[in-house]
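Per-entry structural report
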Amino acid sequence: MSNEAIIHGADVHTSHDAHHDEHHVHHHKETFITKYVFSMDHKMIAKQFLITGIIWAFLGGLMSVLFRLQLGYPDQTFPFLEDILGHWAKGGKIQPEFYYALVTMHGTVLVFFVLTAGLSGTFANFLIPLQIGARDMASPFLNMLSYWFFWLASVIMLSSLFVQTGPASGGWTSYPPLSALGGASEGSKTGVDLWIISMAMFVVSSLLGGLNYISTILNMRTKGMSMTRIPLTIWALFFTAVLGVLSFPVLLSGFILLLFDRHAGTSFYLSDIYLASGEALPNEGGSAILFQHLFWFLGHPEVYIILLPAMGMVSEILSTNSRKPIFGYMAMVGSLFAIAILAFLVWAHHMFVTGLNPFLGSVFVLLTLLIAVPSAIKVFNWLTTLWRGNIRFTPGMLFSIGFVSLFISGGLTGIWLGNSSLDIHLHDTYFVIAHFHIVMGVASFFGMFAGIYHWYPKMYGRYLNNTMAYIHFWVTMVGAYLIFWPMHYEGLAGMPRRYLDYSSWVSFNQFGGLNRFISIVAMIVFAVQLLFVFNFFYSIFKGRRVTSQNPWGSNTLEWTTPIRPGHGNWPGEIPEVHRWAYDYGKDGREFIPQTEPVGANESHH
Amino acid sequence: MSLTTIFILAILLLGFLITFQIAKASEYVGILKGEKKTLEQNNRINAFLLILFLVGGLIGVYACHELFKGKILGEAASDHGQKIDKMLYLTIIITGSVFVLTQVLLFWFAFKYQFSEKRKVYYLPHNNTLELIWTVVPAIFLTVLVGYGLFYWFKITGDPPKDAQVVEITGKQFNWIMRYPGKDGVFGRKYYKNISDAADNSLGLIWEDVPALNLKADKAAQDDIVTDKMVLIENKPVKLIIGSRDVIHDVGLVHFRMKMDAVPGTPTTMWFTPLYTTKKMKEITKNPDFVYEISCDQMCGKGHYSMKGQIEVVTQAEYDIWMISQKAKYQTAVLDKQKTDKPATDSAKTAIVNPVAANAVAVKK
């Protein structure tokens, strides 16, 4: 047998079956353009979001490697950087303006383009119709527009990297006056305009997507799929969409005011400013803090927009691979709901040291620490789901376990930062970087990886290579802790964020060796992500073929579709649902799909 | 591109190729061995690695702590700082215990309940008692933390004692300007459009009438002292009035554990009591180079990382001597320069306390 035959199986029936399925589904003619470019099939749009997200994740990660190079080796020069970056790395040394452009773009790209569009965009599109039993989204056309607005946003953001004065460089939060005044920073010239326009396109994309997700989940569930029977992935994606729809418009309003301040002579955010160039600006009476309120009114829900889909997918994958029902389904839904509500009531915990009224601050302390309660419920429920299960460590499962571990580690430090008196010391230090990278960045990435490994067979009808997957998991898991755990100590020492060189500071120069260590690990972890990207694209064409309809023995509806479902998902009738999604290990049976009617002798829970 | 770069890239590429070949080969082997057997084998290896990760991780956490504990907090140099450190220790005890407990459970469960042909899973969809326990217990601990936190928060952000020293600090790209009120104890008025670095008036103090801006001279401004270093008195509460000339900065005082944004157009304040003179801190930290540094903790542009200020904490006697040596900014920036043209008028020393201006810190026109 040839290697190809080993890997794909010599099973003729498989390809015949696949052809058979397609025959049913493809009742309209598809061209390359309608199938791969302006596709209205939710599955193809999901793949478009995913692949665009992967490209952005590569760029965003590469940026972090560049600035880690500066942080790890502040006293060295790297001539090859000048070859690539030109005057941004004069003499092989990353210039301060460019360093700040890198951190700004790294944050913007990863928060919005990768972990919002790449995560929600991919899995909401892919899973909602498949798991609730719908042929497509409520509006496939808006869905297509959602992707193409994201694409437009991507192109504009990318183009800002090539502007002479550089891309936006005031941090991903873009606080004015810094972001409003070209005279205060080079990046605030053309860079911020492009940044705002790109973000506006992004908000449109996210609203079109979000409204679609909500209406699809509410209206298009198949027969028998009541709201209490939908998988937790769908609940999580539902709350995510609600958060996005309610908070992104506020962000947009903040950006529009910023645009007015930049070009129309208004003073929403500007007051009493005398630039170093010797120019006193005419603006008086604005409040720079207003922008922070508008920004964080989205900004905080945004971290849950990033985190909830990961939580939902992890719940689903943990249960499937423990061969045991998710523990406390209703409590899981309730805690998602509680988190979604509280997400709107805690934004000012990012602003404890802005001069905020201390009483107002205390209210936000209370509400912030309240989030720890639903978070604790989720963690303990995940742990109980594992307890007395029969666990298969598929790559998706490993990433899910990794997610829980990271969510615990990063969530607990949130209790430190949410307590305003501690925040006075820890605010804007490396402690914050460690906290949000672990709990929001890496944890959500783990949720995303878990989702990709778990649903890849459904997306492409092939498996990812397992060995590369395990290498990917273990190096990333160990690496993530090695990178971010020691940063807590730098933060406790008060080391501020967004410094490109600490060597001139008596208070912060004790961590030179540690910074170098972190940089080296970061580069190794980045290299391993390239291995994943390679595995991803290679396996689309050459991966081991999926030969059974339900490879994970899962209960949910997507595994009742053909191995490579066409547009419309089910060749015949949409299946009817008779039970919740988590009947694993019930009455001695390994799993009972949602489509199976409840038997007469079945036990109740 | 240099030779080393090409060399590193070649090594990377080779590493990828080898990994890829191994991965491919193991996939063939896996299929030949049978899917079930491969799954069981992978399962055992990964379960073992998970428990190894737990043990290694916990040892790593301990080692990391041993390695860095001497480099972090040091002695808190203010009364507020001591409260914050106390909070920190309480929080680390609670969250640290939860951390160890939950991580151990997570990895131990994963290891213990790894796939086995013989195991029958326990069908447990929910249990109200358990869920109630892990809703209520965290809530109780959080209440304790919130209670302590807010108790200190209100102490720290409350009003400073009446006898507190008052110093103004203003951020600009990329350094700090300090102002003392001078003999009259009153900060004179300033206006940002009156700022002129060329005329050595970096804060826009209204020393003289400025008809163009419709400003009347404020005598209280004439004895104000402007410096680039902050001198504070040991054991005497100090209130900082914080402002910014251009973008948002942040007065970060790591040894005092204090921090407050400097916002253009909106003055902010904070207060604390320095407990040790710089000299004493040199002994406490055993670092002869010790200085109280002011770091900018809010991204403010390309020089953000180098926006450094300095505080020197001294005894009252040393402070008095220092203060006598300081000249009013009006004196050095205007009068001394006029002296070269004509004899000086001694107006700087005749500043009158103006009760209206006494409360006006950053009054606009």
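Residues numbered from 1 in each chain as written. Chains lettered and ligands numbered in written order. Predicted model: local features only at pLDDT ≥ 70, side-chain atom pairs only at ≥ 80, totals over all residues.

**Comments concerning the overall build of chain A**
- Regarding its fold elements, chain A presents 18 helices and zero strands.
- Computed over its C-alpha atoms, the radius of gyration of chain A comes to 25 Å, within 12% of the 25 Å expected for a compact globule of 605 residues.
- With the C-alpha coordinates of chain A rotated into their principal frame, the extents come out at 80 × 55 × 50 Å.
- Long-range pairs, those at least 24 residues apart, make up 79% of the contacts in chain A between residues at least 6 apart in sequence. (Helix = DSSP H or I, 4+ residues; strand = E, 2+ residues; numbered from the N terminus. Rg over C-alpha atoms; globule rule 2.2 N^0.38 Å. Contact = placed C-beta atoms within 7 Å.)

**Comments concerning the overall build of chain B**
- Summing up its helical and strand segments, chain B has nine helices and ten strands in all.
- Relative to the compact-globule value of 21 Å for 365 residues, chain B shows a C-alpha radius of gyration of 31 Å, a clear excess of over 25%.
- If you line up chain B on its principal axes, its C-alpha atoms span 105 × 60 × 45 Å.
- Taken across its 365 residues, chain B has 39% of its residues classed as buried. (Buried ≥ 20, exposed ≤ 12 C-beta atoms within 10 Å, placed from the backbone.)

**Quick word on the interface of chain B and chain A**
- Each partner contributes residues to the interface: chain B has 106 residues there, and chain A has 111 residues.
- Going through the elements one at a time, α1 (3–33), α2 (35–68), α3 (79–112), α4 (128–157), β6 (249–253), β7 (258–262) and β9 (292–296) of chain B are the ones with two or more residues in the side of chain B that touches chain A.
- No other element matches the 16 residues that α4(B) contributes to the side of chain B that touches chain A.
- A per-class count over the side of chain B that touches chain A returns 59 nonpolar, 29 polar and 18 charged. (Nonpolar A, V, L, I, M, F, W, Y, C, P; charged D, E, K, R; others polar.)

**Notes on the environment of Leu386(A)**
- Considering the arrangement of structural elements, one finds Leu386(A) in helix α13 (residues 372–386).
- Given 26 C-beta atoms within a 10 Å radius, Leu386(A) is considered buried.
- Residues within four places of Leu386(A) in sequence aside, it is in contact with Leu318(A), Ser322(A), Ile391(A), Phe109(B), Ala110(B) and Tyr113(B).

**So, the packing of helix α10 (residues 288–322) of chain A against α13(A)**
Residue and element names in this part refer to chain A.
- Closest axis-to-axis distance for the α10/α13 pair is 9 Å, and the angle between their directions is 20°. Taken as axis vectors, α10 and α13 run roughly parallel relative to one another. Read as a crossing pair, α10 and α13 show a hand that is left-handed. Contacts between α10 and α13 involve Met311, Leu318, Ser319 and Ser322 from the first element and Lys378, Trp382, Thr385 and Leu386 from the second.
- Taken together, the residues that form the contact of α10 with α13 break down as four nonpolar, three polar and one charged. (Axes fitted to C-alpha atoms, helices over the stretch in contact; angles between N-to-C directions. Parallel < 35°, antiparallel > 145°, perpendicular 65-115°, else oblique. Left-handed = near helix turned anticlockwise from the far one by under 90°.)

**Remarks on unusual backbone geometry**
- Cis peptide bonds are those with omega within 30 degrees of zero, and the linkage from Pro176(A) to Pro177(A) qualifies with 0°.
- The residue after Gln173(B), namely Phe174(B), is reached through a cis peptide bond having omega -5°.
- As for its position among the elements, Phe174(B) is in the loop between β1 (165–172) and β2 (175–180).
- Here Arg388(A), not a glycine, exhibits a phi torsion of approximately 55°, which is positive.
- Owing to 18 C-beta atoms within 10 Å, Arg388(A) belongs among the partly exposed residues under this scheme.
- Its identity is not glycine, yet Asn569(A) carries a phi of approximately 70°, on the positive side.
- The residue Asn569(A) is located in the segment after α18 (512–542) in this model.

**Some words on the domain arrangement of chain B**
Residues and elements named next belong to chain B.
- Per the domain assignment, the segments of chain B are domain 1 (14–157) and domain 2 (165–359).
- Placing a centre on the C-alpha atoms of domain 1 and another on those of domain 2 gives a separation of 48 Å.
- On the side of domain 2, twelve residues touch domain 1, which itself brings nine residues to the contact.
- Its residues placed into classes, the side of domain 1 that touches domain 2 shows three nonpolar, four polar and two charged. (Domains from an automatic or database assignment.)

**Considering the environment of Gly60(B)**
- Mapped onto the elements, Gly60(B) comes out in helix α2.
- C-beta crowding within 10 Å serves as the criterion here: with 16 such atoms nearby, Gly60(B) is assigned to the partly exposed category.

**Observations regarding the sheet that holds β6(B)**
Residues and elements named next belong to chain B.
- Pairing within the open sheet is mixed, and its five strands lie in the order β4-β10-β9-β6-β7. A single partner strand is all that each edge strand has here, and the edge strands are β4 (229–233) and β7. Each neighbouring strand pair of the sheet contributes to a mean axis angle of 25°, computed without reference to strand direction.
- Across the face of the sheet, helix α7 (residues 316–325) comes into contact with β4 and β10 (308–314) while running at roughly 140° to β4. (Pairing = 2+ DSSP bridges.)

**Some details on α2(B)**
- Spanning 34 residues, α2(B) covers 47 Å between terminal C-alpha atoms, matching the ideal 50 Å at 1.5 Å per step.
- For α2(B), the complete set of buried residues consists of Asn42(B), Asn46(B), Leu49(B), Leu50(B) and Phe53(B). (Expected span 1.5 Å × (residues − 1).)

**Here we look at the sheet that holds β2(B)**
All names here are of chain B.
- Sheet architecture is open: five strands sit in the order β3-β2-β1-β5-β8, paired in mixed fashion. Each end of this open sheet is capped by a strand with a single partner; those strands are β3 (225–227) and β8 (268–272). Strand-to-strand, the axes of this sheet are offset by a mean angle of 25°, without reference to chain direction.
- Two elements, β1 and strand β5 (residues 238–244), share seven bridges in a ladder whose sense is parallel. Opposite Val167, over in β5, you have Leu240 as the bridge partner.

**Some words on helix α7 (residues 140–160) of chain A**
Residues and elements named next belong to chain A.
- Here α7 spans 31 Å end to end across 21 residues, near enough to the 30 Å set by a 1.5 Å rise per residue.
- Three or more residues of α7 are buried, namely Asn143, Met144, Ser146, Tyr147, Phe149, Phe150, Ala153, Ser154, Met157 and Ser160.
- Buried residues in α7 make contact with α4 (42–72), α6 (96–132) and α8 (190–219).

**Focus on the nonpolar core**
- Ranked by internal contacts, the top residues of the largest apolar core, which has 285 residues, are Leu237(A), Phe238(A), Phe403(A) and Ala443(A).
- The element contributing the most residues to this core is α6(A), with 23 residues.
- Lining this core are residues from two domains, each supplying at least three of them: domain 1 (14–157) and domain 2 (165–359) of chain B.
- When sequence neighbours within four positions are dropped, the list of residues in contact with Leu237(A) reads Ser120(A), Phe123(A), Ala124(A), Leu127(A), Ile128(A), Tyr213(A), Pro309(A) and Gly312(A). (Core = buried A, V, L, I, M, F, W, Y, C linked by C-beta atoms within 7 Å.)

**Focus on the packing of helix α17 (residues 466–492) of chain A against α18(A)**
Residues and elements named next belong to chain A.
- Their axes nearest at 9 Å, the elements α17 and α18 cross at an angle of 155°. In terms of axis orientation, α17 runs roughly antiparallel to α18. Handedness of the α17/α18 crossing: left-handed. From α17, Met468, Ala469, Ile471, His472, Val475, Thr476, Gly479, Leu482, Ile483, Pro486 and Glu490 reach across to α18, where they touch Leu514, Ile518, Val521, Ala522, Ile524, Val525, Val528, Leu531, Phe532 and Asn535.

**So, the pairing of β8(B)**
All names here are of chain B.
- Buried residues dominate β8, accounting for four of its five residues.
- Judged from the five bridges that link them, β5 and β8 form a sheet pairing that is antiparallel. By the bridge assignment for β8, Lys239 is matched with Trp271.

**Regarding the confidence of the model for chain B**
Residue and element names in this part refer to chain B.
- With 93% of its residues at a pLDDT of 70 or more, chain B has an overall mean of 89.
- When mean pLDDT is compared element by element in chain B, β5 scores highest at 97, while helix α9 (residues 355–359) scores lowest at 40.
- Note on residues 344–365: pLDDT is under 50 here. Beyond four places in sequence and across chains, it has 42 contacts.
- The ipTM assigned to the predicted complex is 0.92, against a pTM of 0.92. (pLDDT = per-residue confidence, 0-100.)

**Concerning the pairing of β10(B)**
Residues and elements named next belong to chain B.
- With burial as the criterion, only one face of β10 is covered, namely that bearing Gly309, Ile311 and Val313; the residues Lys308, Gln310, Glu312 and Val314 on the opposite face remain uncovered.
- Relative to β10, β4 runs parallel, the two sharing five bridges. Paired with Met230 across the strands is Ile311, a residue of β10.
- In this sheet, β10 lies alongside β9 in antiparallel orientation, the contact comprising four bridges. By the bridge assignment, Ser295 is partnered in β10 with Lys308.

**Topic: the confidence of the model for chain A**
- Chain-level pLDDT for chain A is 92 on average; 95% of the residues reach the 70-or-more range.
- Between residues 10–26 of chain A, whose pLDDT stays under 50, and residues either more than four places distant or in other chains, the model counts 18 contacts.

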